[in-house]
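Fold and geometry: a report
Below are the chains, spelled out letter by letter.
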Amino acid sequence: MKAINPATDKLIKDYDEHSPVDVKNIISDVYDEYLLWKTTSFEYRSKLMHKAADVLRKNLDKYAKVITVEMGKPITESRAEVEKCIWVCDYYADNAEKFLADEIIESDAGKSFVAFEPIGAVLAVMPWNFPFWQVFRFAAPALMAGNVGLLKHASNVPGSALAIEEVFHEAGFPKNAFRTLLVSSKLVKDIIKDDRVKAVTLTGSEWAGQSVASTAGNELKKTVLELGGSDPFIVFDDADLPSCVAASAKSRMINAGQSCIAAKRFIVVESLVKQFEEQQAEIMRNMKVGDPLDENTQVGSMARMDLLEELDEQVQKSIKMGARLLCGGKKADGPGAFYLPTVLTDVKKGMPVYDEETFGPVSAIISVKDNDEAIKVANDSRFGLGGSLWSRDLKKAEAAARKVESGAVFINGMTKSDPRLPFGGIKKSGYGRELSSYGIKEFVNIKTIWIA
Ligand code: NAP
């Protein structure tokens, strides 16, 4: 399994993959560990989870570098990612017991209550775009609930996958409470079919989600799917333009645009569209693209050259269909998977940048006649992950937010994940929730106990 630095095209390391026999042995070890781990107290688990946060804190620069060299994001963003992992570890260490406390419910019983019990080994199939954060937001609640974790990470980030295992082991978790499997996606089916694996969570593309969910469905195992998105960024006629434009560029460009909740379709009322597109293009044109290890870099490389090529195809096709290019629209000269910050306007239905998810630094601006049409266009998508809505009238904005078909709407702010708030989508963006009290309850047995 090769880790290649996408900013230099150079091989970082070729890792040995686990064989099918290794995988069976690891599942067996993890299963045995579960029988012990599930009996441990919240106090004990919490102590270890805080220690995991400490290990991350102590090695923040080291882990940030692992992320940056494997997938190309600027080092400043990698540090922020590790900091967020620290937050989620501390958050579940502090709150898991409260979230999973017995819930007394009045019924015809002398006493009836709900208990939340662990279910066993949970397989996490994870993507490369936030190689630490995606895993920690699964692992912290799963381990705190008394489950054990198996990680199948994206094939281009094996170093991150092993580093995360190292964090838990250094923190003092039993070795088999969390294991990384270095395997290709071909082995995922067999792992799901193993009786000792009880559930699967996948963050990734629609296609991977379909494949994993159908295998898990056949096995009658629970899944949580966090899939793609084409989040609308809705600009009403009374929006505060300067803050809105600044947030629009930031939201589109974090992680070189490779974020599921990045704003992707900018839906702007026609009275503001000219100013919006000029100002956004101005910011994008001036962003510093370059060496991800340079502290001043704002936009790093994309994670793989094939992803850049796919993105460029979407851009060129949209231009052929009538989209107007304001900046970018091509790979940067020289080595590495650098794509120039790109703004397309006059975007219409039928163009790839309107209909499909664009996973890279490409903004698609769609002009609409009024606020009502903006909501209609926002909902004209097979995806429903996040969304952002801009208006000075908060009452109107709140009412409009309820009409947006998505798992979240942020008013006058960019969409972001936060351990305290549930995260997930509807439509083709998947189902189930991560983070908050909702996330930790996805992989527990919600058990009713009724006493006469
Ligand atoms: P991807 O190709 O679907 O890969 C994600 C993970 O799934 C990887 O570990 C991959 O392994 C595995 N995988 C791929 N095909 C599979 C299959 N048929 N069966 C089992 N596992 C399979 O996605 P990506 O390109 O890495 O990530 C980008 C996508 O993830 C975007 O659509 C993005 O929106 C989505 N995403 C969603 C969220 C969210 O929270 N909703 C967050 C981040 C990203 P290999 O690497 O070995 O192929």
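Below is a summary of the structure that appears in this document.

For strand β6 (residues 148–152), the buried fraction is high: five of the five residues fall into the buried class. Every second residue of β6 is oriented toward a common face, with Val-148, Leu-150 and Lys-152 on one face and Gly-149 and Leu-151 on the other, all of them buried. Both strand β5 (residues 121–125) and β6 contribute to a ladder of five bridges, which runs parallel. Note on β6: the bridge partner recorded for Val-122 is Gly-149. The β-α-β motif built from β5, the intervening helix α5 (residues 133–144) and the parallel element β6 has right-handed crossover chirality. Relative to strand β7 (residues 178–180), β6 runs parallel, the two being bridged by three bridges.

With that settled, the discussion passes to the site of the ligand. What surrounds the ligand is a group of 28 residues, the closest being Trp-128, Ser-155, Ser-205, Leu-227 and Glu-357. Side-chain polar atom of Ser-211 to a nitrogen atom of the ligand: 3.4 Å apart, as the coordinates give it. Here the ligand has 900 Å² of accessible area as a free molecule, and 85% of this is covered by the chains. Broken down by secondary-structure element, the contributors of at least two residues to the shell around the ligand are α5 and α8 (206–218).

One pass over the full model with this rule turns up 15 aromatic pairs. Judged by centre distance (5.7 Å) and plane angle (75°), the ring pair of Trp-128 and Phe-359 falls under edge-to-face. Taken together, the positions of Trp-128 in the loop between β5 and α5 and Phe-359 in the loop between α12 (352–355) and β14 (362–368) put the pair 231 residues apart, joining distant regions of the chain. What makes Phe-359 partly exposed here is its relative accessible area of 22%. The rings of Trp-37, Tyr-44, Tyr-63, Phe-132, Phe-136, Phe-168, Phe-173 and Phe-178 are connected pair by pair, giving a single aromatic cluster.

Structurally, Arg-196 is set in the loop between α7 (188–193) and β8 (197–203). Distance from Arg-196 to Tyr-31, taken between C-alpha atoms, is 6.2 Å for residues 165 residues apart in sequence. Not counting chain neighbours up to four residues away, the residues in contact with Arg-196 comprise Lys-24, Ile-27, Ser-28, Tyr-31 and Ala-121.

In this section: the sheet that holds strand β12 (residues 324–327). Reading across the sheet, the seven strands line up as β12-β13-β14-β11-β10-β16-β17 and stay open at both edges, with mixed pairing between neighbours. Edge positions in the sheet fall to β12 and β17 (410–411), since each has one partner strand and no second. Strand direction decides the pairing type here: strand β10 (residues 231–235) and strand β11 (residues 263–269), joined by five bridges, are parallel. Bridge pairing links Phe-233 to Phe-266 in β11. In the packing of helix α10 (residues 270–285) onto the sheet, contacts are made with β10, β11, β12, β13 (342–345) and β14, and the angle to β11 comes to roughly 145°. Packed onto the sheet, helix α11 (residues 305–320) meets β12, β13 and β14 and runs at close to 30° relative to β13.

The strand order across the open sheet formed by six strands is β7-β6-β5-β8-β9-β19, and the pairing between neighbours is mixed. Both edges of this open sheet fall to β7 and β19 (430–431), since each of them pairs with a single strand only. Where helix α1 (residues 20–37) meets the sheet, it contacts β5, β6, β7 and β8, and its direction lies at approximately 155° from that of β6.

What follows is about the environment of Val-188. Here Val-188 is to be found in helix α7. Each C-alpha atom of the pair Val-188 and Gly-439 lies 23 Å from the other, and the pair is 251 residues apart in sequence. Excluding anything up to four places from it in sequence, Val-188 contacts Leu-123, Val-125, Lys-152 and Val-212.

Rules of the game
- Residues numbered from 1 in each chain as written.
- Predicted model: local features only at pLDDT ≥ 70, side-chain atom pairs only at ≥ 80, totals over all residues.
- Heavy atoms only, no water.
- Buried < 20%, exposed > 50% of the residue type's maximum accessible area, 1.4 Å probe, protein only.
- Helix = DSSP H or I, 4+ residues; strand = E, 2+ residues; numbered from the N terminus.
- Pairing = 2+ DSSP bridges.
- Right-handed = clockwise from strand over helix to strand, strands pointing away.
- Near = heavy atom within 4 Å.
- Polar contact = N/O pair within 3.5 Å; in protein donor to acceptor, adjacent residues only side chain to side chain.
- Areas by Shrake-Rupley, 256 points an atom, 1.4 Å probe, with all protein chains shown as cover.
- Phe/Tyr/Trp six-rings, centres within 6.5 Å; stacked < 30°, edge-to-face > 60°.
- Contact = heavy atoms within 4.5 Å.
- Axes fitted to C-alpha atoms, helices over the stretch in contact; angles between N-to-C directions.

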